[in-house]
Amino acid sequence: MTKHVKGAEALPLNQIIAGDCIDVMNSLPAASVDLIFADPPYNLQLKGDLHRPDNSRVDAVDDHWDQFSSFRAYDEFTAAWLKAARRLLKPNGAIWVIGSYHNIFRVGAALQNEGFWILNDVVWRKSNPMPNFRGKRLTNAHETMIWAGKSEDSKYTFNYEALKALNEGIQMRSDWVLPICNGHERLKDSKGDKAHPTQKPESLLHRVLVGSTNPGDVVLDPFFGTGTTGAVAKMLGREFIGIEREESYRTVAAARIAKVRKFDREALSVSVSKRSEPRVPFGQLVERGMLRPGEELFSMNQRHKAKVRADGTLIGDDVKGSIHQVGAALEGAPSCNGWTYWCFKRDGKTVPIDVLRQQIRAEMREQ
């Protein structure tokens, strides 16, 4: 699965590319990626080892890839990879960047400087955070994600209804309570140690990808690590591209993703807003013979009725017009959703006309 790319002309889909993220991104075709999820180095500025009260050493992030000589060096690195990332995004693409208090404010400013348009900042509140062992500061119980469109005019993907469904029918908020990666999900190396110090939980990526991508979209992760983005993307039927310079992480990620089974097509479907579904004029039901001219429609409350006319309008009680206009007039209301107001009779049963609309929409999706 690991691939070394130089001057690539086509997207290396579902591959882990070895190399520096900036160089690799600059080698890929412009405007070719739908979403970028980035978990860049946090630049933690740790001074010496961190110990618990019993004097045991904490396995903190002290790897060489998280060390920068100065804030200026980190800012230059951030500006360079964000520039390369923005070039890769399609016009309606978007980016998610996650970080801690050490770096996320600097990254946020760099995003705006580069031309990204910030949509939300999301607080990932950890339900089981690591305690503050020194007792000199508040326990760091959250990380911050920034979601941004490529530009102010980007028509970015936002599956509002899907996230609402994930949240038991309540609008998804910008504070997400999810556990950190531990237990069976925490990947280990051959020595039994953590394979990566900042492995993200799959639940976090699941929410991000369900909410801001669609099946078949291309998701790029320039700091791939042990492959959480790739694993979740594969499960959800998205294409992924991972970039990772550390061979040990690539090895773990490749083995992990190879074991992932993609969900079937039916399971990949998510709730969508009715406004985003294909428009079906009422007249199309008449044209296709699903309803006949002269057939009577009845209001759901059974108080009113109207006849279908050949041009897809209705007439009832000296009122004529669209299914919405006639319904509103009969009810003396300022407006009416005719699709949910009117029904017809078949074999003695009352059937909402919206059933016919959904039938046509299902046929359109299958084409």
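Residues numbered from 1 in each chain as written. Predicted model: local features only at pLDDT ≥ 70, side-chain atom pairs only at ≥ 80, totals over all residues. Heavy atoms only, no water.

## As for the pairing of strand β14 (residues 342-346)
Sheet faces and side chains relate simply in a regular strand, where the side chains alternate between the two faces. Put simply, the rule reads: Strand pairing requires that DSSP identify at least two bridges connecting the strands. Helix numbering and strand numbering both begin at the N terminus, where a helix is a DSSP run of H or I of at least 4 residues and a strand a DSSP run of E of at least 2.
Direction of pairing for strand β10 (residues 296-299) relative to β14: antiparallel, over a ladder of 2 bridges. Each residue of the ladder has a partner; that of F298, found in β14, is C343. Looking at chain direction, β14 and strand β15 (residues 349-352) are connected through 4 bridges and run antiparallel. Paired with C343 across the bridge in β15 is P352. Remark: 2 residues form the turn of the hairpin made by β14 and β15, two consecutive strands paired antiparallel; D347 in that turn has positive phi of roughly 55°.

## Remarks on the pattern of salt bridges
Pairs may arise between side chains of opposite charge once their charged atoms sit close together. Condition: For salt bridges, the criterion is a side-chain nitrogen of Lys or Arg within 4 Å of an Asp or Glu carboxyl oxygen. Exposure categories follow from relative accessible area, calculated using a 1.4 Å probe and restricted to protein chains: below 20% of the type maximum is buried, above 50% is exposed, and the middle band is partly exposed.
Here the structure, examined in full by the defined rule, presents 13 salt bridges. Between E363 and R288 there is a salt bridge, with its nearest N and O atoms 2.6 Å apart. Of the two residues, E363 sits in helix α12 (residues 354-366) while R288 sits in the loop between α9 (282-287) and β10, which places them 75 residues apart along the sequence. Its relative accessible area of 42% is what places R288 among the partly exposed residues.

## Some remarks on the pairing of strand β9 (residues 239-244)
We count it as follows: Crossover handedness is defined by viewing with both strands directed away from the observer: a clockwise path from the first strand over the helix to the second marks the crossover as right-handed.
Counted residue by residue, β9 has 5 buried out of 6 residues, so it is predominantly covered. When strand β2 (residues 15-18) meets β9, the two strands line up parallel, connected through 4 bridges. Paired with Q15 across the two strands is I241, which belongs to β9. With 4 bridges connecting them, strand β8 (residues 218-221) and β9 associate as parallel partners. Looking at the pairing, V218 lines up with E239 of β9. Handedness of the β8-helix α6 (residues 228-235)-β9 crossover: right-handed.

## Section: the sheet that holds strand β12 (residues 314-316)
To be explicit about the condition: Between N-to-C directions, angles cover 0 to 180 degrees, with each direction set by a line fitted to C-alpha atoms, over the stretch in contact for helices.
Pairing in this open sheet of 6 strands is antiparallel, and the strands run β13-β12-β11-β10-β14-β15 from one edge to the other. Each edge of the open sheet carries a strand with a single partner, namely β13 (319-321) and β15. Across this sheet, the average inter-strand angle for adjacent strands is 35°, counted without regard to direction. Bridge count for strand β11 (residues 305-308) against β12 is 2 bridges, and the pairing is antiparallel. Opposite K307, over in β12, you have I315 as the bridge partner.

## Remarks on the environment of N26
Here is the rule we go by: For this analysis, residues touch if any pair of their heavy atoms sits within 4.5 Å.
Among the secondary structure elements, N26 is positioned in helix α1 (residues 21-27). Judged by relative accessible area, N26 falls into the partly exposed class, the value being 42%. N26 sits 62 residues away from L88 along the chain, and the two C-alpha atoms are 8.1 Å apart. Not counting residues within four places of it along the chain, the set of residues in contact with N26 comprises A84 and R87.

## Quick notes on the packing of helix α5 (residues 202-212) against α6
How we decide: By the definition adopted for this analysis, an angle is roughly parallel if under 35 degrees, roughly antiparallel if over 145, roughly perpendicular if from 65 to 115, and oblique otherwise. Left-handed describes a crossing whose near helix is turned anticlockwise from the far helix through less than a right angle; right-handed describes the clockwise counterpart. The classification used treats Ala, Val, Leu, Ile, Met, Phe, Trp, Tyr, Cys and Pro as nonpolar, Asp, Glu, Lys and Arg as charged, and all other residues, Gly among them, as polar.
Where α5 contacts α6, the two axes come as close as 9 Å, and the packing angle between them is 55°. Judged by the inter-axis angle, α5 sits oblique to α6. For the pair α5 and α6, the sense of crossing is right-handed. When α5 is examined against α6, the residues E202, L205, H206 and L209 are found in contact with a partner set consisting of T228, T229, A231, V232, A233 and M235. Here the residues of the contact of α5 with α6 are counted per class, giving 6 nonpolar, 3 polar and 1 charged.

## Side note on helix α2 (residues 71-88)
The condition is simple: A helix is expected to span 1.5 Å multiplied by its residue count minus one. By construction, the arc corresponds to the directions joining the helix axis to the C-beta atoms.
The end-to-end C-alpha distance of α2, which contains 18 residues, comes to 26 Å, matching closely the 26 Å that a straight helix rising 1.5 Å per residue would cover. When we look at burial in α2, the residues that qualify are Y74, F77, T78, W81, L82, A84, A85 and L88. What you see down the axis of α2 is that its buried residues fit within an arc of 160°, all on one side. What points out from α2, more than 90 degrees from its buried face, is the exposed set R72 and K83. Looking at the packing, one finds that the buried side of α2 touches α1, β3 (33-38), β4 (89-99), α3 (104-114) and β8.

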